[in-house]
Amino acid sequence: MIEYPNDLSGCDFLQVGEKRLLYLCSHIGPRAFIVVLGFYHGQKEDFVIKDLIEPVQDKIEIKDLLSKALTPEYSNAHVFFL
């Protein structure tokens, strides 16, 4: 089960316009994957709750942006959206 983290220090982010897209990258064996949390609307010191995360509407666009922004090892990664 994947849950929103309480601490964002382990998350990476990609600036998309005026929004910050939160995501995590990892591996299970040789397979890379990316978990996209969504756009964060809180302050850095806020306790992260689901209400502070805006879901991604255009998943194809976000997959494309991530594939261009990340290292080649994640170019064929499986992308999960919360």
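This text follows the structure it describes.
These lines cover the structure that appears in this document, whether it is placed above or below. It should be emphasised that the depicted structure is a prediction, and the values quoted were computed from it without experimental measurement. (Residues numbered from 1 in each chain as written. Predicted model: local features only at pLDDT ≥ 70, side-chain atom pairs only at ≥ 80, totals over all residues. Heavy atoms only, no water.)

## Some details on the packing of aromatic side chains
In step 1: All told, the structure shown has 1 aromatic pair when counted by the stated rule.
In step 2: On the basis of an interplanar angle of 75° and a centroid distance of 6.2 Å, the ring pair of Phe-33 and Phe-80 is categorised as edge-to-face. Here Phe-80 lies in strand β5 (residues 78-81) and Phe-33 lies in strand β3 (residues 31-40), a separation of 47 residues in the sequence.
In step 3: The class for Phe-80 is partly exposed, based on a relative accessible area of 37%.
In step 4: Over the face of the ring belonging to Phe-13 we find Arg-20, whose NZ or CZ atom lies 4.3 Å from the ring centre. (Phe/Tyr/Trp six-rings, centres within 6.5 Å; stacked < 30°, edge-to-face > 60°. Helix = DSSP H or I, 4+ residues; strand = E, 2+ residues; numbered from the N terminus. Buried < 20%, exposed > 50% of the residue type's maximum accessible area, 1.4 Å probe, protein only. Lys NZ or Arg CZ within 6 Å of the ring centre and 35° of its normal.)

## Brief notes about the pattern of salt bridges
In step 1: In this structure the tally under the stated criterion is 2 salt bridges.
In step 2: Salt-bridge contacts for Lys-68 lead to Asp-64; the nearest nitrogen and oxygen are separated by 3.3 Å. Here Lys-68 pairs with Asp-64, and both are found in helix α1 (residues 59-69), just 4 residues apart, close to one helical turn. (Salt bridge = Lys/Arg side-chain N within 4 Å of Asp/Glu carboxyl O.)

## With respect to the environment of Phe-13
In step 1: With respect to the element layout, Phe-13 can be found in strand β1 (residues 12-16).
In step 2: Taking relative accessible area as the criterion, Phe-13 reaches 44% and is therefore assigned partly exposed.
In step 3: Separated by 25 residues in sequence, Phe-13 and Gly-38 have C-alpha atoms that sit 9.6 Å apart.
In step 4: Beyond its immediate chain neighbours, meaning those up to four positions away, Phe-13 contacts Arg-20, Leu-21, Leu-22 and Tyr-23. (Contact = heavy atoms within 4.5 Å.)

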